[in-house]
Structure formats: C-alpha cells, structure tokens
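Architecture at a glance
Single-letter residue listing:
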Amino acid sequence: MQRPVFAANWKMNHGPTEAKAFMRTFLAHYARRPDRSVLFFPSDLAFAAVADAIRERQDLLLGVQNIHWEDKGAFTGESSAAIARDAGARLVLVGHSERRHVFGETDEMQARKCHSGVRAGLTPVLCIGELLAEREAGQAEAVVIRQLTAGLSLLDPRDVAQMLIAYEPVWAIGTGKTATPEDASRMHAVVRRHLTAMLAEKAASVPILYGGSVNRGNAATLIAAPEVDGLLVGGASLDAEGWSSIVRS
Ligand code: 13P
C-alpha cells in the first residue's frame, strides 16, 4: 500500500443517496495521485453505491467497517468476511473503539475477526487505542500492546506483514482533542517496536495510521510526524470537499 494512507471511516453516516452525491463531488476534486492511498469504509448499505461510483477509479480502495468471525450461519444482522469480499471489499476495520466500548467486543473477538478476514482475502486494519483513564493511569502503552498481541494472535507473521494498524486513542475520537504529533509518534513507535519483535525487518511494511479528531487544520502536521504513515478519519471525512482537501495534504 502506497503511503501516506488516507482512510475515511463514515461510521453510521451517509446512506446510498448521500454516498452517491459525496462521490460525485469527491471525484471532481480528487484526481488520481500515485503517491498515496485513499480508502473508504462506508456503511454496509451504502457500500454498493460507493463501489459503483468508483468503478473507474482503481486507485480508491473500499472496505467494510465490521465483519463477523464465522464464515456463515445463523447470525442475524451480521456479514461475514466472505460476503464482504464478494461485495467488493478489499479491507476490513477490526477492533474499532466503538465496537470495543459501545458493543462490548473483546480482544479475542478481534483476533477471530482478523483471522477470518485474512482467510477470506480481506486486509484487516486492526484498531487499537487506550481510554482516557488508562492514559492517566500511565497504562497507554500496556493497553495498546495487549490489544496488538491479542488481535494478531491467530495470524501467521506473513499475514501480519500485509495488514495495517490504526492507533486511535479513545479520548481523541470525536472529541475535538487530537493527540499531539509527538504523542502520536511516540505511541506509533511503541507499535512499531512490537511489530519488529514479531516480524523483524518486515515490520517496516505495515502502515500505522493515526485516528482521533483529525481535520483539515491538523492533518498535514500529523501526517508529517515520524512513524505516522496515514490517517483514519471519522467526522472530517463526511464532507466531500473537506475530505478531498485532507487527502491532498
Ligand atoms: P473522528 O475523526 O470523528 O474523531 O473519528 C475517528 C475515528 O474513530 C476513525 O475511525
């Protein structure tokens, strides 16, 4: 994946109609650039609209926000990695803080989702990050290492080398409080050291994205910080012009 990586996580926003309108504006503002990767994670029901809109733009990659870890079966409301792959997804977000903290998902579930994604040919983007209380208690590094170790535990190191990690401190998500570039760099370096212990020199191939209140004003500074290989953006990715300006930063 070409770095920097700019990833839009729309969360539960933009239905098919808004997604189509968004893409029309975005495509008019963003011509293909070979020196970066741009990823979209729409809601499942807007996925086909986005896939259709970017059919001619193979530089833009599409992923789903979540999968179930089982291949198929009686899991009402869920989609498997194979279903997501069949619909055209290339990537999947795993372990987003809202899945962990709003829906009560465990580290073990993230491990199973990463494994299931890889088996179906999806690239997992494993999201990790500490709560404010954990940070204030001096546990930020221990928490992200625990989430990483657990989330990657079922994967072959060869598969880990193909995936992406997103460091999203929970206290910075949707709060307007961004980690400083120094904070982000320091935590990304912790992640990189952990990956290096697992993968040796192949750890360098894993992009580590920062997420949490990224906007037009701070994107360029964050992306320039050492060890920050990309951005995972929520709120500021919902406006097509704003997002295109972040992607061009
Ligand atoms: P915000 O950019 O809205 O803070 O959300 C970040 C995020 O959770 C991206 O996955």
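In case you missed it, the structure is sitting above this.
Along each chain, residues carry numbers from 1 onward, in the same order as the chain's sequence is written. Totals for whole chains, interfaces and linings use all residues, but because this is a predicted model, local features are given only for residues with pLDDT of at least 70 and pairs of side-chain atoms are given and counted only at 80 or more. To get the side-chain values, take all heavy atoms of the structure and skip hydrogens and water.

Some details on the packing of helix α7 (residues 140-151) against helix α9 (residues 181-199)
- The axes are straight lines fitted to the C-alpha atoms, using for helices just the contacting stretch, and the angles between their N-to-C directions are given from 0 to 180°. Secondary structure elements are defined from DSSP: runs of H or I of at least 4 residues count as helices, runs of E of at least 2 residues count as strands, and each element is numbered from the N terminus. Look at α7 against α9: their axes get within 10 Å of each other, and the N-to-C directions meet at 40°. In terms of orientation, α7 lies oblique with respect to α9. Crossing of α7 against α9: the hand is right-handed. Together, Ala140, Glu141, Val144, Ile145, Leu148 and Thr149 of α7 and Met187, Val190, Val191 and His194 of α9 make up the contact between the two elements.
- Split into classes, the residues belonging to the contact of α7 with α9 amount to 7 nonpolar, 2 polar and 1 charged. Roughly parallel here means an angle under 35 degrees, roughly antiparallel means over 145, roughly perpendicular means 65 to 115, and every remaining angle is called oblique. Definitions for this section: a left-handed crossing has its near helix turned counterclockwise from the far helix by less than a right angle. A right-handed crossing has that turn clockwise. Contact criterion: two residues are considered in contact whenever any of their non-hydrogen atoms come within 4.5 Å of each other. Note on residue classes: Ala, Val, Leu, Ile, Met, Phe, Trp, Tyr, Cys and Pro are nonpolar, Asp, Glu, Lys and Arg are charged, and everything else, Gly too, is polar.

What about the site of the ligand?
- One heavy atom suffices: a residue is near a molecule or strand as soon as one of its heavy atoms comes within 4 Å of it. Not every one of the 13 residues close to the ligand is listed here, only the nearest: Lys11, His96, Glu168, Gly174 and Ser213.
- Between the ligand and His96 there is a distance of 2.7 Å, counted from an oxygen atom to a side-chain nitrogen or oxygen.
- Interatomic distance of 2.9 Å between a side-chain N/O atom of Glu168 and an oxygen atom of the ligand.
- The method behind every accessible area is Shrake-Rupley, applied with a 1.4 Å probe, and residues are considered shielded solely by the protein chains displayed. Contact with the protein chains covers 95% of the free accessible surface of the ligand, which is 310 Å².
- Classifying every residue of the shell around the ligand gives 4 nonpolar, 7 polar and 2 charged. Any pair of N or O atoms that falls within 3.5 Å is considered a polar contact. Within protein, one atom must be able to donate a hydrogen and the other to accept it, and sequence-neighbouring residues count only if both atoms are side-chain atoms.

Things to note about helix α11 (residues 240-247)
- Only protein chains enter the area calculation, which uses a 1.4 Å probe; residues under 20% of their type maximum are buried, those over 50% are exposed, and those in between are partly exposed. Burial analysis of α11 places 7 of its 8 residues in the buried class, the great majority of the element.
- Buried residues of α11: Ala240, Gly242, Trp243, Ser244, Ser245, Ile246 and Val247, and no others.
- Packed against the buried residues of α11 are β1 (5-9), α1 (16-29), β2 (37-41), α10 (219-223) and β8 (230-233).

Side note on the side chain of Ser244
- Of note, Ser244 is situated in helix α11.
- In this view, Ser244 contacts Phe26, His29 and Tyr30; residues no more than four positions away in its chain are not counted.

A closer look at the environment of Asp59
- The topology assignment puts Asp59 in the loop between α2 (47-53) and β3 (60-64).
- In this structure, the C-alpha to C-alpha distance between Asp59 and Ser37, residues 22 residues apart in sequence, is 7.0 Å.
- If sequence neighbours within four positions are ignored, Asp59 has contacts with Tyr30, Arg32, Arg33 and Val38.

Re the sheet that holds strand β5 (residues 123-128)
- In this analysis, strands are considered paired if DSSP registers two or more bridges between them. In spatial order, the strands read β1-β2-β3-β4-β5-β6-β7-β8; together these 8 strands close into a barrel with parallel pairing. Each neighbouring strand pair of the sheet contributes to a mean axis angle of 25°, computed without reference to strand direction.
- Both β2 and β3 contribute to a ladder of 3 bridges, which runs parallel. In the strand pairing of β3, Val38 is matched with Leu60.

A word on the pairing of β2
- Burial analysis of β2 places 5 of its 5 residues in the buried class, which makes it a mostly covered element.
- Covered by surrounding structure in β2 are Ser37, Leu39 and Phe41 together with Val38 and Phe40, the residues of both alternating faces.
- Looking at chain direction, β1 and β2 are connected through 5 bridges and run parallel. The residue bridging Phe6 from the neighbouring strand is Val38, located in β2.
- Where the polypeptide runs from β1 across α1 and back to β2, its parallel neighbour, the crossover connection is right-handed. Orienting the strands away from the viewer, one traces the path from the first strand over the helix to the second; a clockwise path indicates a right-handed crossover.

Some thoughts on the packing of aromatic side chains
- Here is the rule: rings of Phe, Tyr and Trp (six-membered ring for Trp) pair when centre to centre is within 6.5 Å. Planes less than 30 degrees apart are stacked, more than 60 are edge-to-face, and the remainder are tilted. Using the criterion set out here, one finds 7 aromatic pairs in the structure.
- Note on Trp10 and Phe22: the rings are 4.7 Å apart at their centroids and 65° apart in plane angle, and the pair reads as edge-to-face. Of this pair, Trp10 sits in the loop between β1 and α1 while Phe22 sits in helix α1, and the two are 12 residues apart along the sequence. Like Phe22, Trp10 is buried.
- With 5.9 Å between their ring centres and 70° between their planes, Trp10 and Phe40 make a pair best called edge-to-face. Highlighted residues: Trp10 in the loop between β1 and α1 and Phe40 in strand β2, separated in sequence by 30 residues.
- Through a chain of ring-to-ring contacts, the aromatic side chains of Trp10, Phe22, Phe26, Tyr30 and Phe40 assemble into a single cluster.
- Should the NZ of a Lys or the CZ of an Arg lie within 6 Å of a ring centre and within 35 degrees of the ring normal, that charge is described as sitting over the ring. Geometry around Phe103 places Arg99 over its ring, the cationic atom sitting 4.1 Å from the centre.

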